[in-house]
There are 2 protein chains.
Amino acid sequence: MLSEFDIIQRYFTRPTPHAVLGVGDDAALIEAAAGTELAVSTDMLVAGQHFFPETDPRSLGHKSLAVNLSDMAAMGAAPRWATLSLALPEQLVRENEKWLQAFADGFFELAHAHQVGLIGGDTTRGPLNICVTIIGEVAKGKALRRSGARPGDDIWMSGHLGDAALALAYQEGHIMLEAGEIEKCLAALHTPAPRVALGQQLIGLAHSAIDISDGLLADLEHILKSSSVAAVIKMDQINCSGSVKKYLQHPLGVKCLLAGGDDYELCFTAPRAKHQEIEMLSREQEISLTCIGSVEKGEGLVVLDPAGRKVTLETKGYDHFHAG
Amino acid sequence: MLSEFDIIQRYFTRPTPHAVLGVGDDAALIEAAAGTELAVSTDMLVAGQHFFPETDPRSLGHKSLAVNLSDMAAMGAAPRWATLSLALPEQLVRENEKWLQAFADGFFELAHAHQVGLIGGDTTRGPLNICVTIIGEVAKGKALRRSGARPGDDIWMSGHLGDAALALAYQEGHIMLEAGEIEKCLAALHTPAPRVALGQQLIGLAHSAIDISDGLLADLEHILKSSSVAAVIKMDQINCSGSVKKYLQHPLGVKCLLAGGDDYELCFTAPRAKHQEIEMLSREQEISLTCIGSVEKGEGLVVLDPAGRKVTLETKGYDHFHAG
């Protein structure tokens, strides 16, 4: 059976041109560019909790980095370096070395696309658990925070919401999807594309930002609480795919849209004076950016339906000890 | 039951004076001091693998940070910031909130002692798993690496070895210990004191360094391989407690000493010209520093017994997929 050192050497040691020292010492060494702050974030993915144990390992490698890249996007930071800690069941290492290869392939393909270097990590036996820490650079004082929203700001979202949650509902047997929809929704769930470039482009435009990982309402509420403001959003302005639209008469569809989670789009607020500039950015970058509401004085989040009535929802997002 | 956000808010949010932005956004923000490189390291501890599930949570909080501080020590870096990811069994959160309090107390007590700020993390349901990433500062180009050993260097170790491994052998019922010894050995196993200050003091003295986490021989071999050199060490020079000494006629005692692991002392090499300076450092700092051998040209590691015979050992250290 492969040893801990074999696994690291064979699957998780690649050149790290942007690091002073990569994998293989007691610690890696990195150097921040002058005039930058470093953004640091970490996410832990657990089998049976965040993913089905039988999930395609290549997708899992992709997603374990993608969720962290998405946090960098939400800060406007350029991701640079990552560490990867893996607890692997003994049986997996003994019987399924292909799993490791596919996981590493998925991880490094995305890392390479974003020029992120894997500079360290840990490998151990245990119930399958993946913990990635990411470090990115952002110009000093320029990072997008949750706390910067101001009354009068527009509220924006990138891309469209709900497909990942719809895929999960499909996998759990709650809904049926057509063949073409299945592929698209499963891709949204398993191989999300974090908005890394967009995040950096929003510096100087947005007052606040967050990535939509727990669901639009839950994540927008983080902005509102951090900024001590209220908001009104219009449900029919929220961008979603045709697949989600078909289910919007059903509570499940509304839940996927507003509280689905796993979208990895950005929600951000920006002064109204930047409205046209953001629309131009949307056209230039060919990324859908939609204005879905506005920041108000006070507290609380109101969602209005097309008739102007308040939408109520039982659950606002995903909490790992209060699963909705 | 406590939510994910409650747990973070209640137990893991403390002031972080050295960070630009701490817990509570998509990422933390830190700024490296001018002229420094950042050392980054991560360790994952798994219940049933690295510790017994019933381990005192306060000790566990201490140890989960201590093993990472030890990596900073081995690089000569000053630890500054840490992230903490926790997978917690649902039952633990529901029935044993005291566990969380005690774990946090142990973690923060050590963090405070070393002025390390907890700047982020993740909390999720799952089999108990603790993943800490640590970031430290070290003057540019000055970090102690494994690769700097040169023929003619002395080989040094700090403190004494084997007590933690002896504690484990005791807990597993392989040996008996006297009452006074039990406490001392269990403390070595559960609340190791990483050599953080020493590591920084060795900059300018040592050519190479590593922390002894997997066992002296295994860790020294990492230095030898990274530096493309050989070494000879003398077993009777290796510093150990009276408890370990009593067992040195027994293979278990030799194994605890040479391959025990969990010592979190430093092993380093330094030019002979620095011998007196290191002895002075030892006296001034009241840390035992012992010269145990020398670096040679070639490859391989030879251990000599007091009669000058080569010692052979079945296992050289701990590997998480080849437990010795």
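Residues numbered from 1 in each chain as written. Chains lettered and ligands numbered in written order. Predicted model: local features only at pLDDT ≥ 70, side-chain atom pairs only at ≥ 80, totals over all residues. Heavy atoms only, no water.

### Re the sheet that holds strand 1 (residues 28–30) of chain A
Inference 1: Strand order in this open sheet of five strands is 1(A)-2(B)-5(B)-3(B)-4(B), and the pairing throughout is mixed. Looking at which strands have only one partner, the edges of the open sheet turn out to be strand 1 of chain A together with strand 4 (117–125) of chain B. Pairs of neighbouring strands in the sheet enclose a mean axial angle of 20°, with direction left out of account.
Inference 2: Where strand 3 (residues 78–88) of chain B and strand 5 (residues 129–139) of chain B come together, nine bridges link them in antiparallel fashion. For B:Thr83, the partnering residue across the bridge sits in strand 5 of chain B and is B:Thr133. (Pairing = 2+ DSSP bridges. Helix = DSSP H or I, 4+ residues; strand = E, 2+ residues; numbered from the N terminus. Axes fitted to C-alpha atoms, helices over the stretch in contact; angles between N-to-C directions.)

### Here's the deal with the sheet that holds strand 6 (residues 154–158) of chain A
Residues and elements named next belong to chain A.
Inference 1: The mixed open sheet is built from six strands, whose spatial order is 7-9-6-10-8-11. The open sheet is flanked by strand 7 (208–212) and strand 11 (300–304), the only strands paired with a single partner. Pairs of neighbouring strands in the sheet enclose a mean axial angle of 25°, with direction left out of account.
Inference 2: Strand direction decides the pairing type here: strand 6 and strand 10 (residues 289–296), joined by five bridges, are antiparallel.

### Some thoughts on the environment of A:Met157
Residue and element names in this part refer to chain A.
Inference 1: Tracing the chain through its elements places Met157 in strand 6.
Inference 2: Taking the relative accessible area as the measure of exposure, Met157 reaches 0% and is therefore buried.
Inference 3: For Met157, the residues in contact, after removing those within four places along its chain, are Ile238, Asn239, Leu266, Cys267, Ser288, Leu289, Thr290 and Ile292. (Buried < 20%, exposed > 50% of the residue type's maximum accessible area, 1.4 Å probe, protein only. Contact = heavy atoms within 4.5 Å.)

### Things to note about the relation of the copies chain A and chain B
Two copies of one chain are present, and they are related through a rotation about an axis combined with an axial shift.
Inference 1: In screw terms, the move from chain A to chain B is a rotation of 180° and a rise of 0.0 Å along the axis, fitting with an RMSD of 0.0 Å. Such values leave the two copies arranged in the relation of a two-fold axis.
Inference 2: Both copies present the same face, since 100% of the interface residues in chain A are matched by interface residues at the equivalent positions in chain B. (Least-squares fit on C-alpha atoms with pLDDT ≥ 70 in both.)

### Things to note about the UniProt feature "binding site: Mg(2+) 4" (unreviewed entry) in chain A
Inference 1: In this numbering, the UniProt entry assigns the feature "binding site: Mg(2+) 4" (unreviewed entry) to A:Asp26, A:Ser41 and A:Asp71. For this annotated set, covering 46 residues, the C-alpha atoms extend up to 26.5 Å from each other, a dispersed arrangement in space.
Inference 2: Counting through the fold element by element, A:Asp26 comes out in the loop between helix 1 (4–11) and strand 1.
Inference 3: Take A:Asp26: its relative accessible area is 5%, and that puts it in the buried class.
Inference 4: In this view, A:Asp26 contacts B:Ser41, B:Asp71, B:Ala74, B:Met75, B:Arg146, B:Ala209, B:Ile210 and B:Asp211; residues no more than four positions away in its chain are not counted.
Inference 5: The topology assignment puts A:Ser41 in strand 2 (residues 36–46).
Inference 6: In contact with A:Ser41, other than residues within four places in its own chain, are A:Asn68, A:Asp71, A:Met72, A:Val132, A:Thr133, A:Ile134, B:Asp26 and B:Ala27. (UniProt positions renumbered as here; feature names shortened; annotations may be inferred.)

### A closer look at the domain arrangement of chain A
Residues and elements named next belong to chain A.
Inference 1: What the domain assignment reports for chain A is domain 1 (4–139) and domain 2 (146–304).
Inference 2: Computed over C-alpha atoms only, the centres of domain 1 and domain 2 are separated by 26 Å.
Inference 3: Contacts between domain 1 and domain 2 engage 18 residues on the former and 19 residues on the latter.
Inference 4: Interface area for domain 1 against domain 2, summed over the two sides, is near 1500 Å², with a carbon-plus-sulfur share of 65%. (Domains from an automatic or database assignment. Buried area = accessible area lost by both parts, 1.4 Å probe.)

### Some remarks on the UniProt feature "binding site: Mg(2+) 2" (unreviewed entry) in chain A
Inference 1: The residues that UniProt annotates with the feature "binding site: Mg(2+) 2" (unreviewed entry) are A:Asp43 and A:Asp71. Across 29 residues of sequence, these annotated residues stay compact in space, with a maximum C-alpha separation of 9.4 Å.
Inference 2: Along the chain, A:Asp43 falls in strand 2.
Inference 3: Judged by its relative accessible area of 18%, A:Asp43 is buried.
Inference 4: Setting aside chain neighbours within four positions, we find A:Asp43 in contact with A:Val67, A:Asn68, A:Asp71, A:Ile130, A:Cys131, A:Val132 and B:Asp122.
Inference 5: With respect to the helices, strands and loops of the structure, A:Asp71 is situated in helix 2 (residues 57–75).
Inference 6: According to the relative accessible area criterion, A:Asp71 is buried, its value standing at 8%.

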